[in-house]
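An overview of the molecular structure
These are the residues of each chain, in order.
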Amino acid sequence: MSSINTCFYVIVSILSLLAFSSNANLSPHFYARTCPNLQTIVNNTMKQAIATEPRIGASILRLFFHDCFVQGCDASILLDDTATFIGEKTAFPNINSVRGFEVIDNIKHNVEAACNATVSCADILALAARDGVVLLGGPSWKVPLGRRDSRTANKSAANSDLPSPFLNLSALITSFAHKGLTARDLTALSGGHTIGKAQCQFFRTRIYNETNIDPNFAATRRATCPVSGGNTNLAPLDTVTPTHFDNNYYTNLVNQRGLLHSDQVLFNGGSQDALVSTYSGNSAAFFKDFAVAMVKMGNISPLTGTNGEIRRNCRVVN
Ligand code: HEM
Ligand SMILES: *[C@@H]1O[C@H](CO)[C@@H](O)[C@H](O)[C@H]1NC(C)=O
Ligand SMILES: *[C@@H]1O[C@H](CO)[C@@H](O)[C@H](O)[C@H]1NC(C)=O
Ligand SMILES: *[C@@H]1O[C@H](CO)[C@@H](O)[C@H](O)[C@H]1NC(C)=O
Ligand SMILES: *[C@@H]1O[C@H](CO)[C@@H](O)[C@H](O)[C@H]1NC(C)=O
Ligand SMILES: *[C@@H]1O[C@H](CO)[C@@H](O)[C@H](O)[C@H]1NC(C)=O
């Protein structure tokens with residue numbers, strides 16, 4: 001190759017890298033100069049919140065998932081309904097279920113005091129989700145930043161794009177594929193269910209009507225989740241270590257102790273069995289894949305540049 005050709009080749013390679021690397025606009029250093037203490041503020045506020053209630057780490061992680069799967073990671077889930085605005089909070093997967101909004105308000109308040117009108121609610125959520133995982137004993141990762149906040153929300157997209165706990169494996173894989181995530185990402189991210197709780201109404205059919213369930217586990221769960229009534233009674237998603245982010249979720253699956261139908265389908269003679277077995281025996285493999293998949297999920301259709309806005313209050317558009 002002549003040197004001119006080589007030079008041309010190098011330039012084209014760089015351009016295509018810029019064009020195809022996902023979200024070249026997001027960077028872990030986005031606020032390095034405009035809000036140098038951001039990560040400390042978020043982390044300290046999360047520490048206080050988790051000290052008060054360990055479950056909040058789980059709730060914030062789920063909030064981030066439910067944000068990213070609906071028109072991208074744009075804090076659309078944080079917007080309150082008003083007389084003239086319908087948000088996502090009353091969509092079926094969210095209503096009386098997603099929680100942690102007060103903690104995000106608190107973080108936003110503390111961030112605004114240090115760096116007024118600079119940091120998006122979408123980025124705060126991404127950082128808080130990571131910090132919750134770390135504070136409960138899970139892996140850490142660098143969070144790409146620079147997302148901006150939406151001026152819209154989409155309740156029907158929340159209803160259609162957030163997976164139901166009653167889905168089978170192929171439907172779960174399809175749901176994640178629609179967001180650019182692989183079956184491996186699905187299986188790694190489902191490990192988020194190593195922390196937090198679920199309501200009886202979402203696992204009743206599993207504990208009464210499914211056969212791929214450990215009988216002792218089913219009996220334990222039935223004790224506080226009756227055939228009728230008690231819909232909102234809570235049970236830990238991981239009975240063994242409910243507030244510790246570890247790989248025990250996968251050991252539960254191998255032992256037919258998955259709480260949700262959508263958990264146990266990952267280990268039920270299908271395509272994900274081998275990966276579930278790997279994660280159950282190798283926490284480092286799970287942590288690595290979880291961190292990679294969290295960054296991928298956090299890259300779903302962010303608003304960047306001059307799109308969207310930096311909300312002053314995470315619950316309302318400016
Ligand atoms: C694979 C599809 C998924 C389905 C069908 C699903 C479904 C559910 C359901 C039904 C609950 C219980 C909600 C309630 O009872 O109010 C729940 C809780 C939870 N989910 Fe998922 N989920 C999925 C994926 C994920 C992902 C990808 C994450 C994060 C990486 C995640 C994190 C959580 C956490 C942490 C909780 C506990 C929240 C709390 O205690 O407040 N889930 N999920
Ligand atoms: C947040 O604080 C915890 C506990 O002090 C620490 O282990 C962790 O590394 C911090 N996270 C970040 C991103 O600074
Ligand atoms: C914060 O920024 C907003 C929007 O730019 C501005 O209206 C407000 O006066 C600022 N507040 C402080 C305390 O600087
Ligand atoms: C809201 O989401 C639905 C379902 O995904 C989609 O068909 C519709 O175009 C979205 N609405 C807006 C205004 O983006
Ligand atoms: C999975 O569920 C979908 C729709 O919910 C259904 O069409 C499909 O047949 C099911 N697949 C399997 C393998 O059961
Ligand atoms: C179990 O399945 C039967 C037959 O389909 C149904 O009538 C019953 O309501 C189910 N029970 C629960 C708790 O889901």
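Residues numbered from 1 in each chain as written. Chains lettered and ligands numbered in written order. Predicted model: local features only at pLDDT ≥ 70, side-chain atom pairs only at ≥ 80, totals over all residues. Heavy atoms only, no water.

If you look at the biggest cluster of nonpolar residues, it comprises 73 residues, and the most contacted ones within it are Ile104 and Met297. Ala198, Ile213, Phe217 and Leu260 belong to the second-largest nonpolar core, a separate cluster that totals 12 residues. (Core = buried A, V, L, I, M, F, W, Y, C linked by side-chain atoms within 4.5 Å. Buried < 20%, exposed > 50% of the residue type's maximum accessible area, 1.4 Å probe, protein only.)

We now examine the coordination of the iron atom of ligand 1. Coordination angles at a metal have ideal targets, namely 109.5 degrees for four tetrahedral donors and 90 or 180 degrees for six octahedral donors. Inspection of the coordination sphere of the iron atom of ligand 1 shows a single protein donor, His193 (NE2), at 2.1 Å. Summarising the element assignment, His193 is placed in the loop between helix 8 (183-189) and strand 1 (197-199). (Donors = N, O, S within 2.8 Å, 3.2 Å for Na, K, Ca; no water. Helix = DSSP H or I, 4+ residues; strand = E, 2+ residues; numbered from the N terminus.)

So, about the packing of helix 3 (residues 55-68) against helix 4 (residues 101-114). Relative orientation of the contacting elements helix 3 and helix 4 amounts to 85°, with a least axis distance of 9 Å. Relative to helix 4, the element helix 3 lies roughly perpendicular. Of the residues in helix 4, those in contact with Ile56, Ile60 and Leu63 of helix 3 are Phe101, Val103 and Ile104. (Axes fitted to C-alpha atoms, helices over the stretch in contact; angles between N-to-C directions. Parallel < 35°, antiparallel > 145°, perpendicular 65-115°, else oblique. Contact = heavy atoms within 4.5 Å.)

Take the domain arrangement of the chain next. What the domain assignment lists for the chain is domain 1 (3-162) and domain 2 (169-289). Between the C-alpha centres of domain 1 and domain 2 there is a distance of 25 Å. Facing 15 residues of domain 1, the contacting portion of domain 2 comprises 14 residues. When domain 1 packs against domain 2, close to 1,200 Å² is buried across both sides, 68% of that on carbon and sulfur atoms. Contact with domain 2 buries area across many residues of domain 1, yet Arg55, Phe69 and Leu136 alone supply 44% of it, more than any other trio. Between Lys179 and Asp161 there is a salt bridge whose closest N-O contact spans 2.8 Å. For the pair domain 1 and domain 2, the number of links is four residue pairs in polar contact (both at pLDDT 80 or more). With five residues, helix 3 is the largest single contributor of residues to the side of domain 1 that touches domain 2. Residues that form the side of domain 1 that touches domain 2 fall into these classes: eight nonpolar, five polar and two charged. (Domains from an automatic or database assignment. Buried area = accessible area lost by both parts, 1.4 Å probe. Salt bridge = Lys/Arg side-chain N within 4 Å of Asp/Glu carboxyl O. Polar contact = N/O pair within 3.5 Å; in protein donor to acceptor, adjacent residues only side chain to side chain. Nonpolar A, V, L, I, M, F, W, Y, C, P; charged D, E, K, R; others polar.)

A full pass over the atoms with the stated rule returns four disulfides. Here Cys35 connects covalently by a disulfide to Cys115, the sulfurs 1.9 Å from one another. Because the torsion about its S-S bond is 65°, the bridge between Cys35 and Cys115 counts as right-handed. In this pair, Cys35 is assigned in the loop between helix 1 (3-20) and helix 2 (38-52) and Cys115 in the loop between helix 4 and helix 5 (121-135), connecting sequence segments 80 residues apart. (Disulfide = S-S within 2.5 Å.)

In the vicinity of ligand 3, the contacting residues are Asn116, Ala117 and Arg312. Here an oxygen atom of ligand 3 sits 2.4 Å away from a polar atom, N or O, in the side chain of Asn116. Computed on the free molecule, ligand 3 has an accessible area of 360 Å², of which 27% lies beneath the protein chains in the complex. (Near = heavy atom within 4 Å. Areas by Shrake-Rupley, 256 points an atom, 1.4 Å probe, with all protein chains shown as cover.)

Every residue close to ligand 4 is listed here: Asn154, Ser156, Ala157 and Ser160. A distance of 2.4 Å separates an oxygen atom of ligand 4 from a polar side-chain atom of Asn154. Isolated, ligand 4 exposes 360 Å² of accessible area, and the fraction of that covered by the protein chains is 30%.

Turning to the layout of surface pockets, a few remarks are in order. Reported here for the largest pocket is a volume of approximately 1,000 Å³. Lining the largest pocket are 44 residues, with Arg62, Phe65, His66, His193 and Leu260 positioned closest to its centre. Of all the elements in the fold, those that place two or more residues in the lining of the largest pocket are helix 3, helix 7 (169-177), helix 8, strand 1, helix 12 (261-264) and helix 14 (283-298). Ranked by residues supplied to the lining of the largest pocket, first place goes to helix 3 with seven residues. For the lining of the largest pocket, a count of residues per class yields 25 nonpolar, 13 polar and six charged. When residues are assigned to domains, the lining of the largest pocket turns out to be shared by domain 1 (3-162) and domain 2 (169-289), each giving three or more. (1 Å grid on protein atoms, 1.4 Å probe; cavity = no way out; pocket = protein on both sides within 12 Å on 5 of 7 lines; lining within 4 Å. Points joined across faces, edges and corners; volume = space filled by probe spheres on them.)

Counting across every chain of the model gives 13 salt bridges. As a salt-bridge pair, Arg206 and Glu210 come within 2.9 Å of each other at their nearest N and O atoms. The class for Arg206 is buried, based on a relative accessible area of 1%. Each of Asp80, Lys89, Asp105 and Arg315 takes part in a single network of salt bridges with overlapping partners.

For an α-helix, 3.6 residues make a turn, and residues three or four places apart therefore share a direction. In this model helix 14 runs 22 Å from its N-terminal to its C-terminal C-alpha over 16 residues, within 8% of the 22 Å that 1.5 Å per residue would give. Turning to helix 14, its buried residues are Phe286, Phe287, Asp289, Phe290, Ala291, Ala293, Met294, Met297 and Gly298. Where helix 14 is buried, its residues touch helix 3, helix 5, helix 8, helix 11 (248-254) and helix 13 (273-281). The opening residue of helix 14 is Asn282, an N-cap whose side-chain oxygen sits 3.2 Å from the backbone nitrogen of Ala284. (Expected span 1.5 Å × (residues − 1).)

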